[in-house]
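# Structural description and commentary
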Amino acid sequence: MRLLLQRVTRASVSVDARVVGQIGPGLVILVGVGHEDTEQVADQMAGKAVDLRIFRDAEGKTNVSLMDIGGDVLAISQFTLFADTRKGRRPSFIDAAPPELGERLYQRFAAAAEARGVKVERGVFGAEMEVELVNDGPMTLWLDSTEKKVGASDDRT
């Protein structure tokens, strides 16, 4: 599973010119699912995303998590995070999960974040969407479940 996290002051997603999800301060999370991903991976990645200390504390240091600030998540399915651009000029998406698995694990990811007490708004799986956001910082991070340290217990303080 691959996640692109953007810390935002506000964001929304629209389908056919109709807003289907919007948040205030929090994270826009683009969620890509690969063939090898599982429900356990979705759960771990949701925990990692909401627990990352990437929000400013009272002194302005990035020292608190989404959970600490009571922020929201706008989760958007994004199979293109699995694009392979190493050959030619047209990306290959062969590493992305098939739609059935992709949608199931995207929904599982969102539900796992909600289970931790986070308000999660969603885009529409498989739809053409327009995402508007105000990136705060800017702060944008990439998480990849295939990287050794993602999901590992690495609680440096």
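Structure's up top.
The following paragraphs examine the structure supplied in this document. (Residues numbered from 1 in each chain as written. Predicted model: local features only at pLDDT ≥ 70, side-chain atom pairs only at ≥ 80, totals over all residues. Heavy atoms only, no water.)

## Details of the overall build of the protein
The secondary structure content of the protein amounts to three helices and eight strands. The order of α-helices and β-strands along the protein, N terminus first, is β-β-β-α-β-β-α-β-α-β-β. On C-alpha atoms alone, the protein measures out to a radius of gyration of 15 Å, which is about the 15 Å that the 2.2 N^0.38 rule sets for 157 residues. In terms of principal-axis extent, the alpha carbons of the protein reach across some 45 × 40 × 30 Å. Counting over 157 residues, the protein shows a buried share of 41%. A total accessible area of about 9,100 Å² is found for the protein, and carbon and sulfur atoms account for 47% of it. (Helix = DSSP H or I, 4+ residues; strand = E, 2+ residues; numbered from the N terminus. Rg over C-alpha atoms; globule rule 2.2 N^0.38 Å. Buried < 20%, exposed > 50% of the residue type's maximum accessible area, 1.4 Å probe, protein only. Areas by Shrake-Rupley, 256 points an atom, 1.4 Å probe, with all protein chains shown as cover.)

## Description of the side chain of R7
In this fold, R7 is placed in strand β1 (residues 2-15). Residue R7 is classed as buried on the basis of its relative accessible area, which comes to 3%. Here I54 takes part through its backbone oxygen, which lies 2.6 Å from a polar atom of the side chain of R7. When neighbours within four sequence positions are excluded, R7 is seen to be in contact with G26, L27, I54, F55, R56, T62, V134, N135, D136, G137 and M139. (Polar contact = N/O pair within 3.5 Å; in protein donor to acceptor, adjacent residues only side chain to side chain. Contact = heavy atoms within 4.5 Å.)

## Digging into the layout of surface pockets
Estimated volume of the second largest pocket: approximately 410 Å³. Considering the residues around the second largest pocket, the lining is formed by 20 residues, among which S77, Q78, F79, G126 and A127 are closest to the centre. Elements represented by at least two residues in the lining of the second largest pocket include exactly β3 (26-32), β6 (72-77) and α3 (99-115). Considering each element in turn, the lining of the second largest pocket owes the most residues, three residues, to β3. By residue class, the composition of the lining of the second largest pocket is 13 nonpolar, six polar and one charged. (1 Å grid on protein atoms, 1.4 Å probe; cavity = no way out; pocket = protein on both sides within 12 Å on 5 of 7 lines; lining within 4 Å. Points joined across faces, edges and corners; volume = space filled by probe spheres on them. Nonpolar A, V, L, I, M, F, W, Y, C, P; charged D, E, K, R; others polar.)

## Section: the nonpolar core
Counting 32 residues, the largest nonpolar core has M1, L3, L5, I29, V31 and F109 as its most contacted members. Mapped onto this core, the elements with two or more residues apiece are β1, β3, α1 (39-51), β4 (53-56), β6, α3 and β8 (130-144). No other element matches the seven residues that α3 contributes to this core. Other than its neighbours up to four places away in sequence, V31 contacts M1, R2, L3, I76, S77, Q78, L81, Y106 and F109. Within the second largest apolar cluster, nine residues are counted, among which are V8, V13, L74 and L81. (Core = buried A, V, L, I, M, F, W, Y, C linked by side-chain atoms within 4.5 Å.)

By themselves these figures say nothing about function.
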